[in-house]
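Examination of the molecular architecture
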Amino acid sequence: MAMTMEHQRTNQQKTMRIEGGRELSGTIRLSGAKNAALPMIAAACLGEEPTILDNVPIELRDVQILIRVLREAGAYIALEGSSLACARGDFPRGTVNREASEIRYSLLLLGLAAAHRGELLLPMPGGCKIGDRKYDLHLMGLQRLGARIEETEAGIRVASEGGVGADIEFYLPTTSGTENLMIAAALASGRTTILNANTRPEIMEMAKLMNLMGAKVSCSNRVVQIDGQSRIQGGVRYAIMPGWDEAVTYIVASAMTGGEICIADFSLDFIREDVRHLREIGVDVFEWGGAVYASGKKQKRAFDLFTAPYPGINSDMQPIFAALAFTAAGKSTITDLRFTDRFRYVEELKKFGGSIHAFGNTAIVEGGRPLQGAHATATDLRGGASCVLAALIAEGESIITNVSQIERGYENIAGKLRQLGARIDTP
Ligand SMILES: CC(=O)N[C@H]1[C@@H](OP(=O)(O)OP(=O)(O)OC[C@H]2O[C@@H](n3ccc(=O)[nH]c3=O)[C@H](O)[C@@H]2O)O[C@H](CO)[C@@H](O)[C@@H]1O
Ligand SMILES: C=C(OP(=O)(O)O)C(=O)O
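Everything in this summary refers to the structure shown in the same document.

The rules behind each value
- Residues numbered from 1 in each chain as written.
- Chains lettered and ligands numbered in written order.
- Predicted model: local features only at pLDDT ≥ 70, side-chain atom pairs only at ≥ 80, totals over all residues.
- Heavy atoms only, no water.
- Core = buried A, V, L, I, M, F, W, Y, C linked by side-chain atoms within 4.5 Å.
- Buried < 20%, exposed > 50% of the residue type's maximum accessible area, 1.4 Å probe, protein only.
- Helix = DSSP H or I, 4+ residues; strand = E, 2+ residues; numbered from the N terminus.
- Domains from an automatic or database assignment.
- Contact = heavy atoms within 4.5 Å.
- Near = heavy atom within 4 Å.
- Polar contact = N/O pair within 3.5 Å; in protein donor to acceptor, adjacent residues only side chain to side chain.
- Areas by Shrake-Rupley, 256 points an atom, 1.4 Å probe, with all protein chains shown as cover.
- Nonpolar A, V, L, I, M, F, W, Y, C, P; charged D, E, K, R; others polar.
- Pairing = 2+ DSSP bridges.
- Axes fitted to C-alpha atoms, helices over the stretch in contact; angles between N-to-C directions.

1. Focus: the nonpolar core
- Residues Met182, Phe321 and Phe352 are the most contacted members of the largest nonpolar core, which totals 149 residues.
- Counting residues per element, this core draws most heavily on helix H8 (residues 244-256), at nine residues.
- For this core, the domains that each give at least three residues are domain 1 (11-30 + 242-425) and domain 2 (34-239).
- Residues in contact with Phe321, not counting those within four places in the same chain, are Val248, Asp274, His277, Leu278, Ile281, Phe303, Leu305, Ile313 and Ile334.

2. Regarding the site of ligand 2
- Around ligand 2 lies a shell formed by Lys34, Asn35, Asp62, Gly127, Cys128, Ile130, Arg133, Asp316, Arg342, Leu381, Arg382 and Arg408.
- Arg408 places a polar side-chain atom, nitrogen or oxygen, 3.1 Å from an oxygen atom of ligand 2.
- Considered on its own, ligand 2 offers 300 Å² of accessible surface; in the complex 96% of this is hidden by protein.
- Of the residues belonging to the shell around ligand 2, the class tally is three nonpolar, two polar and seven charged.

3. Quick look at the site of ligand 1
- Among the 23 residues in the neighbourhood of ligand 1, the closest are listed as Arg104, Leu137, Ser176, Asp316 and Arg338.
- At 2.6 Å from an oxygen atom of ligand 1 is found a side-chain nitrogen or oxygen belonging to Ser176.
- For ligand 1, the accessible surface in isolation is 740 Å², of which the surrounding protein chains cover 94%.
- Broken down by secondary-structure element, the contributors of at least two residues to the shell around ligand 1 are helix H2 (34-44), helix H5 (136-144) and helix H6 (175-186).
- Class assignment for the residues of the shell around ligand 1 results in seven nonpolar, six polar and ten charged.
- Both of domain 1 (11-30 + 242-425) and domain 2 (34-239) provide at least three residues apiece to the shell around ligand 1.

4. Structural notes on the sheet that holds strand E7 (residues 148-152)
- The strand order across the open sheet built from three strands is E6-E8-E7, with neighbouring strands paired in antiparallel fashion. Each end of this open sheet is capped by a strand with a single partner; those strands are strand E6 (119-122) and E7. On average, each strand axis in the sheet is tilted by 15 degrees relative to the strand beside it, whichever way the strands run.
- As defined by bridge partners, E6 adjoins strand E8 (residues 155-159) across four bridges and the pair is classed as antiparallel.

Function cannot be inferred from these measures alone, as they are strictly geometric.
In structure tokens:
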């Protein structure tokens, strides 16, 4: 316990110092996507034999926590470089580490325990503090598959003696809810159909992995169908997709400074809507020879943007676009239709002298004015990244605190920005 508190103190103290005003140009390589890695690590634990996941963003705090939590609950996970070997081991056994409360994706242990006909008490999940993060659809779906669920002060208890496939309709396309039920249904008897499921690229990738492992999953627009198997062999190898969220963030970072960037081994496939907006704003983005290029030399235009499930703009990118709006003369609006309170970072961005105000689920930015260096706190992962972006164009030095929030999702962000020419260190 003392160790944990010490650990938390150190994380909160971690800071980043940025000297703004440098043009960011050059080439970078992306890490594996956090939001693909987390569900795929859980899904790989459906298998009897170790499945090797390559390109895992292993330095990310959320990934490390999920690994520790799964291991402690009995899963077999071995690490070699940025590859992970994952199998069921004797999951679920023992208790679930309290660290599970620091991340949202510990929720997937519920589906995994139901799939493996076990019982598990999960401490309340966490994740970014961005408003209501409900999980009623997870619990409803697991119950429809035959699991018993009990919510207590200590957490969520799941127990299953074996699932039975069902037709399940979501009132909105939850990402983690879809993933949780795909995992739970993979070892249930019969067919499960999830209607109004989320079928974003991370989920299509997870379905591909599961099929290679011996599951039977089909995903198309908003419908996921799972034919339960009595056993999932595993024992395959699969690479985590590149972090498209990182790609958009670094394109925006470079564009804000008037730079030009090349993202190696990447395509526009997963970011078409982001690119449509970037082009309208005045950022040139194109794909050539297996890489993506972006130029931020032109003047930026103010814009209106709202978030939506894929193929819309992911809510994760709204704080990134909010920072970009500082470089566009005029009034831009950013509306988050996915989360109820994802504008805590706005108060931090104001510290740079930027004109940004949030009302309900909308932020309004008056761009085109210079920013000054400031002391700001990373309120959450993407909000923290937006402060880094503001600091990159601000005059003078900025200090960002609570950097561990940013490290939950951006692997080696300081190193990657330095490679593009930023003056940034983590004292
Ligand atoms: C690790 C990961 O991949 N996290 C992503 C995932 O989070 P996560 O899976 O948590 O997001 P969801 O899609 O579940 O949540 C979106 C909205 O649906 C609501 N909801 C969700 C579940 C439910 O049972 N009932 C309900 O009402 C939530 O309160 C929220 O307002 O998708 C989000 C939306 O694209 C992204 O911002 C997160 O980065
Ligand atoms: C909100 C995010 O993550 P999580 O769902 O893990 O909190 C994110 O990646 O921006």
